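# Examining the three-dimensional arrangement
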Protein chains: 2
Amino acid sequence: MRILGIDPGSTVTGYGVLEQARGGVAHVAHGTLRAPRGTGVGPRLAAIQHALVEVIELHRPDVAVVEQIFVAASPKAALVLGQARGVALAAVASAGVPLVEYGAKQIKQAATGSGAAAKKDVQTMVRRLLALERRPAADAADALAAALCHANAGPLGAAAASARRSRAPRSRASRFVLRRAP
Amino acid sequence: MRILGIDPGSTVTGYGVLEQARGGVAHVAHGTLRAPRGTGVGPRLAAIQHALVEVIELHRPDVAVVEQIFVAASPKAALVLGQARGVALAAVASAGVPLVEYGAKQIKQAATGSGAAAKKDVQTMVRRLLALERRPAADAADALAAALCHANAGPLGAAAASARRSRAPRSRASRFVLRRAP
């Protein structure tokens, strides 16, 4: 089972891909998708969405994982985050990939053992758990942590995932240059 | 000049298309895009986005207009609205169509003469101004009012529009059945 974790953001969207087998979990790829600067919000959202479509086409995940959002600092922040989240969820659904959501605490817990861990701790622990050469960027680490959370969720998590499965028509990917993690 | 007004929403997204010539403004089309029920948020967003891409391919607007969002009832409402708004803005940008935003008051003013008009008044006045046989649905009326606002904005509005112009690569449209207004 191939798991794609996504951490949507309006300027940087992190992603992480894990392969889960009987023996455990292996790191496949991770990186950050950055929207081009100096353009309007629409072109930035389109660029992030096209880049994510490219990631999905490349890695063909069986399931995608995002963090559930319950609170945001302000309506303004929620709107901006919502816009980025919307294009990510649409990209996943357009590719026919089922989506699972976990709470922020659950995701941090899966990566660090603590639901209140700091961003830096998530980066450090994700690096250690997946034996990465370098510490991943914060957004990529959060995406890998989300994927790890699903890998650890076991049969109950898988049942929740399949309950949410719903497929939309597969769309054609647009070309977009990605900035991948080293 | 062909103007596409969009009123993004998580369950219903309204659209309206106007043609502006020297003599005035003519109605071209309007309608509401409804996401299929009983699916997850991702497939719903993808369906709305694909439907909007279809509208853009069909009507080939020179400019798209959306309402600026400053306030929302709550962070939760803002997130949900943001998700719908994000896929709409990305669809517009992917088609290479420049985007203009106007405040809610400006849009109501353009349609009704009052920045504090009720939804029903917008529907009634949009119908009268565009000589429509029937009153358009609320979301379609709001979209037509946004397009009217840009048509009325004159040279200053056009300058603002061109200042925001930024084009992203044109993407291929996905097929989606639209529910059009009668």
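Right above here is the structure, for reference.
Read on for an overview of the structure. (Residues numbered from 1 in each chain as written. Chains lettered and ligands numbered in written order. Predicted model: local features only at pLDDT ≥ 70, side-chain atom pairs only at ≥ 80, totals over all residues. Heavy atoms only, no water.)

## Examining the nonpolar core
Using the following cut-off: Buried Ala, Val, Leu, Ile, Met, Phe, Trp, Tyr and Cys residues that are joined via side-chain atoms within 4.5 Å together make up what is termed a nonpolar core. Using a 1.4 Å probe on the protein chains alone, a residue whose accessible area is under 20% of its type maximum counts as buried, one over 50% counts as exposed, and one in between counts as partly exposed. When checking whether two residues touch, look at their non-hydrogen atoms; a contact exists if any pair is within 4.5 Å.
Ranked by size, the top nonpolar core spans 52 residues in total, and within it Ile6(A) and Ile6(B) carry the most contacts. When neighbours within four sequence positions are excluded, Ile6(A) is seen to be in contact with Thr13(A), Gly14(A), Leu52(A), Ala64(A), Val65(A), Val66(A), Glu67(A), Ala88(A), Val92(A) and Ala143(A).

## Examining the interface of chain A and chain B
Inclusion rule: Here, a salt bridge means any Lys or Arg side-chain nitrogen found within 4 Å of an Asp or Glu carboxyl oxygen. Going along the chain from the N terminus, every DSSP run of H or I of four or more residues is numbered as a helix, and every run of E of two or more is numbered as a strand. Residues are grouped as follows: nonpolar covers Ala, Val, Leu, Ile, Met, Phe, Trp, Tyr, Cys and Pro; charged covers Asp, Glu, Lys and Arg; every other residue, Gly included, is treated as polar.
At the junction of the two partners, chain A supplies 30 residues and chain B supplies 30 residues. Counting every contact that joins chain A to chain B gives zero salt bridges. Among the secondary structure elements, those contributing two or more residues to the side of chain A that touches chain B are α1 (41-59) and α2 (75-94) of chain A. Counting residues per element, the side of chain A that touches chain B draws most heavily on α2(A), which supplies 13 residues. Looking at the side of chain A that touches chain B, its residues break down into 15 nonpolar, 12 polar and three charged.

## Let's talk about the relation of the copies chain A and chain B
Put simply, the rule reads: In superposing the copies, a least-squares fit is computed on C-alpha atoms, taking residues whose pLDDT is at least 70 in both.
Between chain A and chain B, the superposition needs a rotation of 180° and an axial shift of 0.0 Å, giving an RMSD of 0.0 Å. Given the turn and translation reported, the copies of this chain are related as if by a two-fold rotation axis. Both copies present the same face, since 100% of the interface residues in chain A are matched by interface residues at the equivalent positions in chain B.

## Focus: the pattern of salt bridges
Using the criterion set out here, one finds eight salt bridges over all chains in the structure. In this structure, Glu19(A) engages Arg2(A) in a salt bridge whose closest nitrogen and oxygen atoms are separated by 2.6 Å. Placement of the pair is Glu19(A) in strand β2 (residues 12-21) and Arg2(A) in strand β1 (residues 2-7), with a sequence separation of 17 residues. Given the relative accessible area of 28%, Glu19(A) is considered partly exposed. Of the charged contacts, one joins Arg85(B) and Glu101(B) as a salt bridge, the two residues approaching to 3.1 Å between their closest N and O atoms. Note that Arg85(B) is positioned in helix α2 (residues 75-94) and Glu101(B) in strand β5 (residues 99-102), a separation of 16 residues in sequence. Comparing Arg85(B) with Glu101(B) shows no difference in burial state: the two are buried.

## Considerations on the sheet that holds strand β5 (residues 99-102) of chain A
Residues and elements named next belong to chain A. Applied cut-off: Here a strand pair is declared whenever DSSP counts at least two bridges between the two strands. Angles here are taken between N-to-C directions and fall from 0 to 180 degrees, while the axes themselves are lines fitted to C-alpha atoms, restricted in helices to the stretch in contact.
Across the sheet, five strands lie side by side as β3-β2-β1-β4-β5; this open sheet has mixed pairing. The sheet is open, and its two edges are formed by β3 (24-34) and β5, each paired on a single side. Pairs of neighbouring strands in the sheet enclose a mean axial angle of 25°, with direction left out of account. Across six bridges, β1 lies against β2 in antiparallel orientation. By the bridge assignment, Arg2 is partnered in β2 with Glu19. Where α1 meets the sheet, it contacts β1, β2 and β3, and its direction lies at approximately 155° from that of β3.

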